[in-house]
Each structure stands twice: as structure tokens, then as C-alpha cells.
Amino acid sequence: MDVGFTPVSDAPPPSTLKRPLENPTVTPAPRKKVSFAGETPTATETSPKPPPSTATKYKDRTNGGATVDVANKHLQRRAAWGDLGSVSQRAVVVAAPTEKDVDAWTSSKAYGGTESTQLAVGTATRYRHMFTPPGERCAALDASLVEAAQKIRENFSEKDVEPCAIGTATQTPALFCGRVCLDALDGRLNKSSVCLEGERSEGGFRVPLDLTAVEGSYALFPGQVVGVVGSAPGEDGTILARSIILGSPAPPASTPAKQMQEFHTKQQNNQPLSIWAASGPYTTSDDLDYSPLKDLLAACRAAKPDAV
């Protein structure tokens with residue numbers, strides 16, 4: 001009787017297998033690092049350090065009042081205030097309010113009291129600053145929207161495009177005028193969050209604004225009144241914009257040239273106007289002393305520009 005058998009291999013058992021020794025003189029190739037957006041680099045990943053900051057604090061600056069750049073250097077500059085000579089009459093005289101004026105404007109009697117006679121600054125009625133009733137704020141915003149939208153419609157001249165109220169479904173191109181707003185109470189304005197709000201007389205609807213097909217460049221911000229040429233085929237009133245009208249052109253100058261020349265000769269003593277424009281914030285990151293604003297007012301007192 002034949003008995004079968006399996007030949008035994010001469011190889012050592014798995015437990016006795018060893019990895020061959022690596023040559024210690026050969027440096028292994030560095031592994032490629034892969035990172036994804038949103039990941040935070042580990043502590044072992046080194047990055048070049050930014051150069052040390054050379055910014056100085058506002059109070060420690062050494063170039064205060066220096067002129068950084070001058071545009072249109074060929075134009076005539078107004079002479080210093082002391083060199084203007086005697087001017088018989090200034091066009092506008094602006095006086096700072098006295099402490100008595102401030103007390104009258106901020107007293108309890110100045111706003112709604114039975115003995116109130118002093119009106120708030122810049123208003124025709126007695127209201128305390130930033131305490132206007134919400135209903136009147138809404139009415140003022142809607143009035144500005146109606147006026148701006150009317151000017152856009154008057155200057156719009158594209159044929160076969162008729163004005164249409166926001167919230168109305170239409171397959172044909174139409175002109176929609178409204179105020180740019182967000183689709184939420186907070187957040188940032190982007191292409192997917194832009195809405196257009198209509199006038200209260202037309203329902204005050206707020207609908208999404210699709211800007212995918214808009215050609216050319218444009219800039220939008222919340223509260224801006226614009227005209228949109230497009231269609232609204234859907235039931236939700238979404239406007240498929242084709243082009244955007246960023247407001248109406250400014251009205252032409254209404255003052256005759258002769259009157260302007262007379263003003264330049266008599267009121268300005270043949271000197272050009274000096275108009276200053278300043279932009280805040282007027283506080284620094286390390287204090288709330290309004291040092292930049294104080295320096296600006298000091299410069300205004302010294303140079304005495306015609307308008308600030």
C-alpha cells in the first residue's frame with residue numbers, strides 16, 4: 001500500500017524571518033506632505049516666519065502732518081488763510097455750537113415736553129437723535145426708494161422693456177426697481193444671498209435676485225437702490241437679472257457760470273476753494289481718546305478750509 005506525503009520545505013518558519021538590514025549611509029527620500037483646505041498645520045510643520053512688524057503707535061509717529069502725495073500738481077492751490085487779504089463777505093460761516101446750545105438740544109424739554117420750543121439739529125420736528133419711531137423710519141426709507149426708483153425709470157430708454165413691480169411674474173424682460181438687501185438678518189452679501197425689495201405701494205415684496213447672467217462689472221451693497229432688467233418666470237418671483245442700472249445720473253449744474261465767476265471773484269478773492277475730506281475711524285486700537293480726530297480739528301483750525 002502506497003502512502004503519500006508532502007515534502008517539507010527547507011525555509012525557516014515565519015517567526016524566524018527577519019528584514020534585511022538597511023544601509024545606514026543612505027538617507028531615505030522625504031515623504032510628500034498633503035494638506036487640505038480647512039486643516040490646521042501641526043506643530044512640526046514649520047513655515048517661514050513673517051518679518052517683524054515695523055508699525056508704530058499713532059502717538060509715537062514721527063511724520064504727523066506730512067504730505068504723502070499730491071494729485072494734479074499743476075492746479076493752483078489756495079493761499080494760506082493769512083495771505084488771502086481782507087474779504088468783504090464769506091459765502092458760508094459755520095460756527096461751533098456753544099454749551100448753551102448743546103444744553104438746549106439735549107434737555108428733556110427740547111424733545112416732546114410741554115414747554116418744548118427748541119427743535120432737534122437738522123430736523124423740522126422735535127425728535128431725539130436715534131429715537132425716531134420705527135414707523136417713521138420705514139416711511140423715510142420708502143420715500144427715498146420711491147424717489148430714486150422714479151429717477152431710474154425716467155432715465156431708462158431701452159425699447160420693449162416696461163417697468164414692472166417686484167413680485168410680479170413675467171416671462172418677458174422688464175425693469176424692476178428696488179433696494180438691495182440680504183436674504184437673512186445677518187451675514188455678508190454675495191451672489192447667492194442678494195434680494196431685491198420693492199416699494200410699499202407695490203406690496204413691499206422681497207424676492208431673490210439671480211445675478212448669474214449679468215455681464216460686465218458691478219458693485220452692490222445693502223440698502224443700494226438699483227434698477228434690474230430681467231424676467232421673473234417663477235412663482236416665487238425670483239428675478240433673473242440681465243443687466244443692472246446702478247442709480248440715475250446726477251442732475252446737471254443749476255448755478256449759472258456767471259454767478260460762479262462772481263462768487264469766485266468776490267467771495268473767494270480769486271482763490272480756489274479748499275475742501276477737505278476725512279474718513280474715520282478716529283480711534284486707535286489701543287485707546288479711545290480720539291487722537292486722530294483731535295489732530296484733524298487742530299489742522300482745520302490752522303488751515304481754515306472752506307468746507308470739511
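Scroll up to find the structure this text is about.
The notes below deal with the structure included here. Worth saying up front: this structure is predicted, and the values here are computed from it rather than measured.

**Points about the overall build of the protein**
- Each helix and strand counted, the protein has four helices and six strands in total.
- Taken from N to C terminus, the helices and strands of the protein fall in the order α-α-β-β-β-β-β-β-α-α.
- By residue count, 19% of the 308 residues in the protein fall in the buried class.
- In the protein, 55% of the contacts between residues at least 6 apart in sequence involve partners at least 24 apart.
- Accessible surface for the protein amounts to roughly 24,600 Å². Of this, 56% is attributable to carbon and sulfur atoms.

**As for the pairing of strand β6 (residues 239-245)**
- Bridging between strand β4 (residues 206-210) and β6 involves two bridges; their strand directions are parallel. By the bridge assignment for β6, Leu 209 is matched with Ile 239.
- As defined by bridge partners, strand β5 (residues 225-232) adjoins β6 across five bridges and the pair is classed as antiparallel. Considered in β6, the bridge of Ser 231 is made with Leu 240.
- In sequence, β5 turns back onto β6 through a hairpin of six residues, with Gly 237 there showing a positive phi of about 80°.

**Brief notes about the nonpolar core**
- Residues Phe 176, Leu 196 and Leu 211 are the most contacted members of the largest nonpolar core, which totals 18 residues.
- Secondary-structure elements contributing two or more residues to this core are β2 (170-182), β3 (194-197), β4, β5 and β6.
- Judged by nonpolar contacts, the second largest core, of nine residues, contains Leu 145, Ala 149, Phe 156 and Cys 177.

**Overview of the pattern of salt bridges**
- Inspection of the entire model under this criterion finds seven salt bridges.
- A salt bridge links Arg 61 to Asp 295; the shortest N-O distance between them is 3.3 Å. Note that Arg 61 is positioned in the segment before α1 (99-106) and Asp 295 in helix α4 (residues 291-303), a separation of 234 residues in sequence.
- Residue Arg 61 is classed as partly exposed on the basis of its relative accessible area of 31%.
- The partly exposed category is assigned to Asp 295, whose relative accessible area is 34%.
- Measuring nitrogen to oxygen at the nearest pair gives 3.5 Å for the salt bridge that ties Lys 266 to Glu 262. Remark: Glu 262 and Lys 266 occur in helix α3 (residues 257-267); sequence separation between them is four residues, near one turn of the helix.
- A relative accessible area of 53% places Lys 266 in the exposed class.
- Accessibility expressed as a relative area gives 41% for Glu 262, which makes it partly exposed.
- Here the salt bridges share partners, and the residues they tie into one network are Arg 153, Glu 199 and Glu 202.

**Topic: the environment of Ala 250**
- In this structure, Ala 250 sits in the loop between β6 and α3.
- Along the chain, Ala 250 and Lys 151 lie 99 residues apart, while their C-alpha atoms are 9.9 Å from each other.

**Remarks on the pairing of β3**
- As judged from the four bridges shared by β2 and β3, these two strands associate in the antiparallel manner. Each bridged residue has a counterpart across the sheet, and for Leu 182 the counterpart in β3 is Val 194.
- Pairing between β3 and β4: three bridges, direction antiparallel. Bridge assignment links Cys 195 to a residue of β4, and that residue is Pro 208.

**Comments concerning the packing of aromatic side chains**
- A complete count under the given rule lists zero aromatic pairs for this structure.
- Its guanidinium or amino end placed over the ring of Tyr 58, Arg 61 lies 3.9 Å from that ring's centre, counting from NZ or CZ.

Analysis parameters
- Residues numbered from 1 in each chain as written.
- Predicted model: local features only at pLDDT ≥ 70, side-chain atom pairs only at ≥ 80, totals over all residues.
- Heavy atoms only, no water.
- Helix = DSSP H or I, 4+ residues; strand = E, 2+ residues; numbered from the N terminus.
- Buried < 20%, exposed > 50% of the residue type's maximum accessible area, 1.4 Å probe, protein only.
- Contact = heavy atoms within 4.5 Å.
- Areas by Shrake-Rupley, 256 points an atom, 1.4 Å probe, with all protein chains shown as cover.
- Pairing = 2+ DSSP bridges.
- Core = buried A, V, L, I, M, F, W, Y, C linked by side-chain atoms within 4.5 Å.
- Salt bridge = Lys/Arg side-chain N within 4 Å of Asp/Glu carboxyl O.
- Phe/Tyr/Trp six-rings, centres within 6.5 Å; stacked < 30°, edge-to-face > 60°.
- Lys NZ or Arg CZ within 6 Å of the ring centre and 35° of its normal.

Structural measurements only, silent on function.
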